[in-house]
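Structural features, examined
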Amino acid sequence: MEHIELDRRALRVLAHPLRARLLSELRLRGPANATALAERLDTNTGATSYHLRKLAEVKLVVETGEGHGKERFWAAAQESHGWGDALIAGDPDALAASDWLLKHYFQQFVERALRWEQARQNWPVPWQEAAAASDFIVDLNPEQLEALMQELYVVLQRYKEIAPGKGSRQVLVNLFAMPTEPDDLP
């Protein structure tokens with residue numbers, strides 16, 4: 001799974017409503033040109049082209065080589081990204097960008113989960129049962145939590161490498177791990 005750790009500049013560039021939506025759209029639906037993206041995201045082609053170029057400057061999207069001008073095609077450069085808190089410590093702009101992005105991603109998660117819940121009963125029962133939600137509470141230290149998350153990433157990578165089976169659909173898997181009591185500092 002191709003992954004990029006964002007630097008401070010890339011984090012600040014991505015922390016923009018249209019840019020975050022553009023990157024998500026390219027990752028979810030594949031390469032597209034500015035015209036198609038603008039139509040899907042209900043914006044204009046000029047703004048879409050501008051923001052795609054900004055994402056390209058920090059290597060989050062790339063031109064595919066197809067098309068010309070506003071009709072050239074763009075693709076996500078990686079399947080995922082992240083950033084470390086140590087990187088942004090002491091940088092007010094990077095901290096603000098990180099805060100905005102995390103809230104944006106949580107909001108996207110809630111919206112998608114609610115859309116699924118509204119549509120779930122229309123799906124075949126095997127899908128309803130397989131697309132589950134669950135939570136676990138475990139006592140871990142930071143090293144154990146990091147190891148757990150790495151193991152889960154390995155499992156997800158293994159499934160990404162398996163050929164899609166009959167009747168497969170794109171599935172979004174979200175992993176969130178956080179202390180249950182954020183105010184109880186160590």
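The rules behind the values
- Residues numbered from 1 in each chain as written.
- Predicted model: local features only at pLDDT ≥ 70, side-chain atom pairs only at ≥ 80, totals over all residues.
- Heavy atoms only, no water.
- Core = buried A, V, L, I, M, F, W, Y, C linked by side-chain atoms within 4.5 Å.
- Buried < 20%, exposed > 50% of the residue type's maximum accessible area, 1.4 Å probe, protein only.
- Helix = DSSP H or I, 4+ residues; strand = E, 2+ residues; numbered from the N terminus.
- Contact = heavy atoms within 4.5 Å.
- Pairing = 2+ DSSP bridges.
- Axes fitted to C-alpha atoms, helices over the stretch in contact; angles between N-to-C directions.
- Parallel < 35°, antiparallel > 145°, perpendicular 65-115°, else oblique.
- Left-handed = near helix turned anticlockwise from the far one by under 90°.
- Nonpolar A, V, L, I, M, F, W, Y, C, P; charged D, E, K, R; others polar.
- Salt bridge = Lys/Arg side-chain N within 4 Å of Asp/Glu carboxyl O.

Among the nonpolar cores identified, the biggest contains 26 residues, and L6, L11 and L60 are the most heavily contacted of them. Mapped by element, the contributors of at least two residues to this core are α1 (8-14), α2 (17-29), α3 (34-41), α4 (45-57) and α6 (92-119). Here the element with the most residues in this core is α2; it accounts for 5 residues. Contacts of L60, omitting those with residues within four sequence positions, involve I4, L6, A10, L14, L23, R27, L55, A75, A76, A77 and Q78.

This part takes up the sheet that holds strand β2 (residues 32-33). An order of β2-β4-β3 is seen for the 3 strands of this open sheet, with the pairing classed as antiparallel. What marks the edges here is a single partner per strand, and that holds for β2 and β3 (61-63). Two strands pair when backbone bridges link them, and β3 and strand β4 (residues 73-76) are joined in this way by 3 bridges, in the antiparallel orientation. Along β4, the bridge assignment pairs V62 with A75. Of the strands in this sheet, β2, β3 and β4 are in contact with α2, which crosses β4 at around 85°.

Right, let's get into the packing of α3 against α4. α4 packs onto α3 with a crossing angle of 115° between their chain directions and a minimal axis gap of 8 Å. One finds that α3 runs roughly perpendicular with respect to α4. In the packing of α3 onto α4, the handedness of the crossing is right-handed. Judged by residue contacts, A34, T35, L37 and A38 of α3 engage T45, T48, S49 and L52 from α4. Classifying every residue of the contact of α3 with α4 by side-chain character gives 4 nonpolar, 4 polar and no charged.

Let us now look at the pattern of salt bridges. This structure, assessed with the given rule, holds 10 salt bridges. The salt bridge involving E25 is made with R40; its shortest N-O contact spans 3.1 Å. Note that E25 is positioned in helix α2 and R40 in helix α3, a separation of 15 residues in sequence. When the shortest N-O distance is used, the salt bridge between E117 and R120 registers 3.0 Å. Here the salt bridges share partners, and the residues they tie into one network are R8, R12 and D91.

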